[in-house]
Amino acid sequence: MSAASCLLSKDQFLCSICLDVFTDPVTTSCGHNFCKNCITEYWDTNDQCQCPTCAKLFYTRPKLRVNTFISEMVAKAKLLAEQKASSSSSEQRAAKPGEVPCDICTGTKLKALKSCLVCLTSYCETHLEPHLTMSGLKRHQLMDPVENLEGRMCMKHDKPLELFCKTDQTCVCMLCSVLDHKTHEFVPLKEEYEGKKAELGKTEAETQQMIEERQMMIQKIKHSVKLGKANADREIADSVRVFNFLMESVERSQAELIETIEEKQRTTEKQAEDFIKELEQEISELMKRSSEAEKLSHSEDHLHLLRNFPSLKAAPPTKDWTEVSVHPSYEGTVVRAVTQLEETLSKEMKKLFEAELKRVQQYAVDVTLDPDTAHPDLILSHEGKQVNHGDEEKNLPDNPERFSTGLCVLGNQSVSSGRFYFEVQVEGKTEWTLGVARESINRKGLITLSPDDGYWTIWLRYGNEYKAFDNPDVHLSLQSQPQKVGVFVDYEEGLVSFYDVDAAALIYSFTGCSFTEKLYPFLNPGFNDDGKNSVPLILSHLNH
């Protein structure tokens, strides 16, 4: 580095007022230099106008002009200080892969310190010195080192690309702005850079938010899998327990049935043996009598025959065997055993349904009715828990949410993921319809209850006719009339199940459903029917 460059030091260009490097340096008539703002504020706050360094008094405030020589020297000193700091950190090391090398260096290419947009060349600290000291080169535009400097020049006018044409969305030079793009809208590259950088910041923030949302979804899916694994393990354990119990019950019933039959057979055989012994005893007595009778019949002694005849004529005491039989009966034995096994299985099934009902009740939601959806003929309780058919139609606004024909109403609460459960008391009613419906259902005109139209429902008609509106409809045969119906939705599983709460029995399940929007509780209390069906549907108070 030259001696002149070595003499430049930032410490030589300090203002004696602010003790910092000159900013817009000015010189007083006494030859001392100050920052323009510093000396102006100094004179504004003092009664007399004098030099802070030599105390020379000025009777009129001197006109201040920027000392261009000192200003250039200050700029050069700052640049040299930056170069020195950069050089001390880089220690004039060779350019690493990915760093811009000096285009002038021969042999080992040192790391470039600056790139010149005029020379289209990158320079290390040593080769940059002429641009800092030579008057012809000092006017060149320097920037942080970059590769492909030719790409930063206008290929048509060989001038730096300094402007951005917003009309054509391209970078242009100054000549382009007055020749080829003169009617277009321009902004400096830096201004467009700041705008695009802000957009990138917004895009990055949005992208980061999307990443976080997807990471949360991954965690949610992992959590669901974990819960699913726990549920699967529980179901497997329950199934093993139940089926082991069932197999043990069947084996035990089979063993008891076989033991019963074998015991009956043993009793029959013992009875037959006793009958045979008794019969053989009688046969022996009869054969003895027959022998005596035959012997007496051959006697020629008249007196002897007449004396013994009365005793032989009288029949010996014997049993009446005409009503005696040995016919073991096994009819009904197997049926009774199977019936008993059926009762055992029913008890176990009831336990299973009770356990299942308790599990789904964990997802209970305290549902209330939405009056904005209720048909005008319906009467809703103040707290939104009861609904029944009224005798007169109310004059209500026909808003898009309201049902216009069917005696229907939706709940305020909805489900769009996870699980959802609510209960409705139906005791004393002769007709009702319950279930869930998607948000976009048709609420005006004719309503078709089917999954294709967005309804998953069951109904009661005529006091004893139950039906599930599936594809196709399913007539339900229930052992008892439900007094309270539970409705359970597993959104991801595509499941809607109905339970008889008091009997802890499953009424019906819609499976394999595909849900894509919110589902709402759906209730229809049916017509009043001259008071026969005046009892309201009542939503149970449930805690989640």
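Look up: the structure comes first, before these words.
Scoring rules and cut-offs
- Residues numbered from 1 in each chain as written.
- Predicted model: local features only at pLDDT ≥ 70, side-chain atom pairs only at ≥ 80, totals over all residues.
- Heavy atoms only, no water.
- Helix = DSSP H or I, 4+ residues; strand = E, 2+ residues; numbered from the N terminus.
- Buried < 20%, exposed > 50% of the residue type's maximum accessible area, 1.4 Å probe, protein only.
- Pairing = 2+ DSSP bridges.
- Core = buried A, V, L, I, M, F, W, Y, C linked by side-chain atoms within 4.5 Å.
- Contact = heavy atoms within 4.5 Å.
- Expected span 1.5 Å × (residues − 1).
- Salt bridge = Lys/Arg side-chain N within 4 Å of Asp/Glu carboxyl O.
- Patch = residues over 30% accessible without salt bridge, like charges linked within 9 Å, V, L, I, M, F, W, Y side chains within 5 Å.
- Areas by Shrake-Rupley, 256 points an atom, 1.4 Å probe, with all protein chains shown as cover.

1. Notes on unusual backbone geometry
In the segment running from Asn471 into Pro472, the intervening peptide bond is cis, with an omega of 0°. Summarising the element assignment, Pro472 is placed in the loop between β17 (465-468) and β18 (474-476). Positive phi is not limited to glycine here, since Gln169 has a value of about 55°. In this structure, Gln169 sits in the loop between β8 (163-165) and β9 (170-172). A positive phi angle, close to 60°, is found at Tyr462, a residue other than glycine. The topology assignment puts Tyr462 in the loop between β16 (455-461) and β17.

2. Focus on the pairing of strand β20 (residues 495-500)
Where burial is concerned, most of β20 is hidden: six out of the six residues are buried. Of the two faces of β20, the one carrying Leu495, Ser497 and Tyr499 and the one carrying Val496, Phe498 and Asp500 are both buried. Strand direction decides the pairing type here: strand β19 (residues 484-490) and β20, joined by six bridges, are antiparallel. Along β20, the bridge assignment pairs Val485 with Asp500. As paired strands, β20 and strand β21 (residues 505-510) are joined by five bridges and run antiparallel to one another. Considered in β21, the bridge of Val496 is made with Phe510. The hairpin turn running from β20 into β21, its antiparallel successor, is four residues long, and Ala504 in that turn takes a positive phi close to 50°.

3. Considering the nonpolar core
The biggest cluster of nonpolar side chains holds 37 residues, and the ones touching the most others in it are Trp432, Val496 and Leu523. Once residues within four sequence positions are removed from consideration, Leu523 is found in contact with Leu369, Val387, Leu407, Cys408, Val409, Val424, Thr433, Leu434, Leu537 and Leu539. Counting 18 residues, the second-largest nonpolar core is a separate cluster that includes Cys15, Cys49, Phe58 and Ile70.

4. Quick word on helix α7 (residues 189-297)
Since there are 3.6 residues in each turn of an α-helix, residues three or four apart along the chain are aligned in direction. Taking 1.5 Å of rise per residue, the 109 residues of α7 would be expected to cover 162 Å, and the 155 Å separating its terminal C-alpha atoms lies within 8% of that figure. Taken residue by residue, α7 has Glu192, Val242, Ser249, Ser253, Leu257, Thr268, Phe275, Glu282 and Leu296 as its buried positions.

5. A few points about the pattern of salt bridges
The tally for this structure, following the rule as stated, stands at 15 salt bridges. Between Glu259 and Arg266 there is a salt bridge, and its shortest N-O distance comes to 3.0 Å. Residue Asp398 is joined to Lys444 by a salt bridge in which the shortest nitrogen-to-oxygen separation is 2.6 Å. Here Lys444 lies in the loop between β15 (432-438) and β16 and Asp398 lies in the loop between β12 (386-389) and β13 (409-410), a separation of 46 residues in the sequence. On the accessibility criterion, Asp398 (58% relative accessible area) is exposed. Within this structure, Arg234, Glu235, Asp238 and Arg359 form a network of salt bridges that share partners.

6. With respect to a nonpolar patch on the surface
Taken together, the side chains of Leu175, Val178 and Leu179 make up a nonpolar region of the molecular surface, amounting to roughly 250 Å² of accessible area. Summarising the element assignment, Leu179 is placed in the loop between α6 (174-178) and β10 (186-188).

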